[in-house]
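# Tertiary structure, described
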Amino acid sequence: MAAASYLPSEDQFLCSICLDLFTDPVTIPCGHNYCKDCITEHWDRSDKYLCPMCTKEFNTRPELHVNTFISEMAAQFRRSAQQKASSSSSSEQQVFKPAEVPCDVCTETKLKALKSCLVCLTSYCETHLEPHLTASSLKRHQLIDPVENLEDRMCPKHDKPLELFCKTDQTCVCMLCHVSEHKMHDVVPLKEGYEGKKAELGKTEAETQQMIQKRQLKIQEIKHSVDLSKEEADREVAEGVQVFTALKKSVERGQADLINTIKEKQKTTEKKAEDFIKELEQEISELNKRSSEVEQVTHSEDHLHFLQSVKSLNIQHRQPSKDLRTFSLTPAVYEGMVVKAVAQLEETFSKEMKKLLEAKLKRVQKYAVNVTLDPRTAHPCLILSDDKKRVEYSDVEENLPNNRERFSDCDSVLGKQSFSSGRFYFEVQVKGKTEWYLGVARESINRKGDITLSPEHGYCTISLRNGNKYKALDAPSANLSLKSRPQKVGVFVDYEEGLVSFYDVDAAALIYSFTGCSFTEKLYPFFCPGLTYCRKNTAPLIISPVT
């Protein structure tokens with residue numbers, strides 16, 4: 001018995017076309033229910049017989065019969081709703097509040113509107129809405145959730161509800177607009193236009209959110225790059241302070257040692273001079289004493305006394321014992337001491353510079369990538385190993401297709417991997433070769449006919465010619481004076497910085513750097529083993545693993 005008093009929810013008795021309680025509900029073959037007038041009018045406006053909910057199409061127009069069961073249930077629900085409305089019509093909850101739409105019919109205390117009628121252009125509270133729920137002449141009016149400014153929902157030209165959407169002109173129109181100005185346009189019901197636009201905006205919102213996420217990720221990436229840059233800057237500063245502190249101490253120590261050495265040498269010279277002077281002054285004193293004695297004897301006129309006095313003076317045996325030439329003192333020589341001290345400093349500088357370059361090389365080696373050779377780009381005279389890590393020149397030209405990527409006249413080959421951002425590093429063994437060209441090339445380089453290796457033509461390369469002539473093929477090109485002959489060359493690229501650097505790996509020495517480059521396209525590693533001359537330069541170029 002308890003089940004008999006159960007009433008389903010209002011949604012189960014709403015027509016999906018008029019969005020109101022069923023009036024003369026009919027069931028079509030697919031099982032969905034509509035007001036008889038609503039579905040009839042819907043099919044009258046269409047050239048197809050489709051279900052508005054499931055879009056099932058019927059070949060012929062279905063015959064409509066009122067579903068008495070649903071009709072009775074809807075009537076029962078309507079009566080229950082009316083009883084509930086009449087019992088709570090004076091409830092405080094229905095009193096109009098500032099944020100709500102007021103009933104246009106209430107004259108004294110304005111109550112909250114529950115529905116707005118697009119036909120009457122009026123908003124109604126529960127009490128004043130009752131005629132639209134019971135009177136047959138008003139049941140067909142289109143009720144919506146309460147809104148203000150109902151006049152804006154009417155066509156200003158035909159004074160009819162704006163219940164259609166013109167996709168062609170992207171505007172809301174009435175039924176009369178549809179059969180006049182918009183007759184040949186793509187016009188759909190307002191609900192369909194709403195759903196289409198909502199889906200479109202949803203897609204736009206999704207794309208917008210995706211764009212926001214990408215930009216947030218880019219911000220994080222930039223912040224991360226700034227953090228890495230700061231870490232690198234701090235490390236460089238700390239390393240620089242450490243090196244310059246050591247150099248400063250070395251300079252100060254060298255200066256102090258030089259001054260002390262010069263002072264000690266001067267002190268020794270002065271001590272030797274003091275000893276000479278002291279000894280000579282002592283001899284002078286003795287000579288003065290002897291001279292006085294001789295002078296006294298010479299004044300005597302007594303022949304016997306004079307001769308006896310002269311004998312007692314013993315002049316022959318009292319002559320100075322040393323030759324004055326033994327007292328020779330040569331001024332101290334300080335020439336070369338400063339040069340020697342500076343040479344020691346240069347040696348210290350060289351050691352510190354080597355440490356810096358070794359540390360720098362270790363840092364760039366962290367960006368090592370796995371590079372292999374691309375057979376599609378190789379000149380027909382080049383032989384590539386199976387693992388695509390070695391390339392050598394052959395006098396025999398293979399019959400290969402002259403595809404767009406292949407070098408036709410220059411005996412060169414590119415790496416298979418391309419790079420369009422960040423940093424990368426690779427090493428190439430050049431041991432035993434008398435000629436080679438290494439570096440990177442832009443994707444758009446000319447690969448047919450004679451080519452010019454220069455930044456202007458898309459190449460950043462260095463070369464060896466004639467066994468000992470190293471050159472940076474820059475603009476202008478520069479001859480390189482190297483202390484040692486590289487056996488393995490490291491190539492480092494910082495794409496955003498526009499930097500391409502070459503290193504002698506074994507000596508941990510910087511060979512050359514291209515700076516200020518502006519990269520806007522893909523970069524590829526570039527290799528040219530050079531021609532063979534009388535069994536010379538037969539060794540291959542080998543892409544080596546970075547250790």
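Residues numbered from 1 in each chain as written. Predicted model: local features only at pLDDT ≥ 70, side-chain atom pairs only at ≥ 80, totals over all residues. Heavy atoms only, no water.

### Quick look at the layout of surface pockets
When its volume is computed, the second largest pocket comes out at roughly 710 Å³. As for the second largest pocket, its lining consists of 22 residues, of which Leu228, Glu232, Tyr367, Arg423 and Asp494 are closest to the centre. Secondary structure elements with two or more residues in the lining of the second largest pocket: helix 6 (190-298), helix 8 (337-365) and strand 19 (488-494). Residue contributions to the lining of the second largest pocket peak at nine residues, all from helix 6. Among the residues forming the lining of the second largest pocket, the class breakdown is six nonpolar, five polar and eleven charged. (1 Å grid on protein atoms, 1.4 Å probe; cavity = no way out; pocket = protein on both sides within 12 Å on 5 of 7 lines; lining within 4 Å. Points joined across faces, edges and corners; volume = space filled by probe spheres on them. Helix = DSSP H or I, 4+ residues; strand = E, 2+ residues; numbered from the N terminus. Nonpolar A, V, L, I, M, F, W, Y, C, P; charged D, E, K, R; others polar.)

### What to know about the side chain of histidine 182
Relative to the helices and strands, histidine 182 resides in the loop between helix 5 (175-179) and strand 10 (187-189). Among the residues examined, histidine 182 registers a relative accessible area of 10% and is labelled buried. For histidine 182, the residues in contact, after removing those within four places along its chain, are Cys166, Asp169, Thr171, Val173, Cys177 and Val187. (Buried < 20%, exposed > 50% of the residue type's maximum accessible area, 1.4 Å probe, protein only. Contact = heavy atoms within 4.5 Å.)

### Let's talk about the confidence of the model for the protein chain
Do not read the predicted coordinates in detail wherever pLDDT is low. For the protein chain, per-residue confidence averages 87 on the pLDDT scale, and 93% of positions sit at 70 or higher. When pLDDT is averaged over each element of the protein chain, strand 22 (residues 523-528) comes out on top at 98 and helix 2 (residues 68-87) at the bottom at 74. With pLDDT under 50 throughout, residues 1-7 is counted as low confidence; its partners more than four residues away or in other chains account for two contacts. Per-residue pLDDT stays below 50 along residues 89-93; that stretch engages in four contacts with residues further than four places along the chain or on separate chains. (pLDDT = per-residue confidence, 0-100.)

### Focus: the sheet that holds strand 17 (residues 469-472)
Each strand in a sheet pairs with another by means of backbone hydrogen bonds, the pair being arranged parallel or else antiparallel. Spatial strand order, 13-22-15-16-17-18: six strands in an open sheet with antiparallel pairing. The open sheet has two edge strands, strand 13 (413-414) and strand 18 (478-480), and neither has a second partner. (Pairing = 2+ DSSP bridges.)

### Overview of the packing of helix 6 against helix 7 (residues 303-313)
Closest axis-to-axis distance for the helix 6/helix 7 pair is 9 Å, and the angle between their directions is 165°. Between helix 6 and helix 7, the angle falls in the class roughly antiparallel. The hand of the helix 6/helix 7 crossing is left-handed. Taken together, the residues of helix 7 that come into contact with helix 6 (itself represented by Glu293, Val294, Val297 and Thr298) are Phe306, Ser309, Val310 and Leu313. Class assignment for the residues of the contact of helix 6 with helix 7 results in five nonpolar, two polar and one charged. (Axes fitted to C-alpha atoms, helices over the stretch in contact; angles between N-to-C directions. Parallel < 35°, antiparallel > 145°, perpendicular 65-115°, else oblique. Left-handed = near helix turned anticlockwise from the far one by under 90°.)

### Quick notes on the pairing of strand 14 (residues 423-429)
Extensive coverage of strand 14 is indicated by the burial of five of its seven residues. With seven bridges joining them, strand 14 and strand 19 adopt antiparallel strand pairing. Across the sheet, phenylalanine 426 pairs through a bridge with valine 491, a residue of strand 19. Pairing geometry for strand 14 and strand 23 (residues 541-544), over three bridges, is antiparallel. The partner of glutamate 427 across the bridge, within strand 23, is serine 544.

### What to know about the side chain of arginine 447
Structurally, arginine 447 is set in the loop between strand 15 (436-442) and strand 16 (459-465). Here arginine 447 sits buried without a salt bridge, and the closest side chain of opposite charge, glutamate 443, lies 6.0 Å off (N-O distance). For arginine 447, the side chain forms a polar contact with the main-chain oxygen of glutamate 405, separated by 3.0 Å. In contact with arginine 447, not counting residues within four places along its chain, are Thr377, Arg404, Glu405, Arg406, Phe407, Ser408 and Leu414. (Lys, Arg positive; Asp, Glu negative; His and termini not counted. Salt bridge = Lys/Arg side-chain N within 4 Å of Asp/Glu carboxyl O. Polar contact = N/O pair within 3.5 Å; in protein donor to acceptor, adjacent residues only side chain to side chain.)

### Quick look at empty space enclosed by the protein
Applying the stated criterion to the full structure yields one cavity of 30 Å³ or more. Of the pockets and cavities examined, the largest cavity occupies roughly 30 Å³. As for the largest cavity, its lining consists of Asp20, Leu21, Thr23, Arg78, His132, Leu133 and Lys139.

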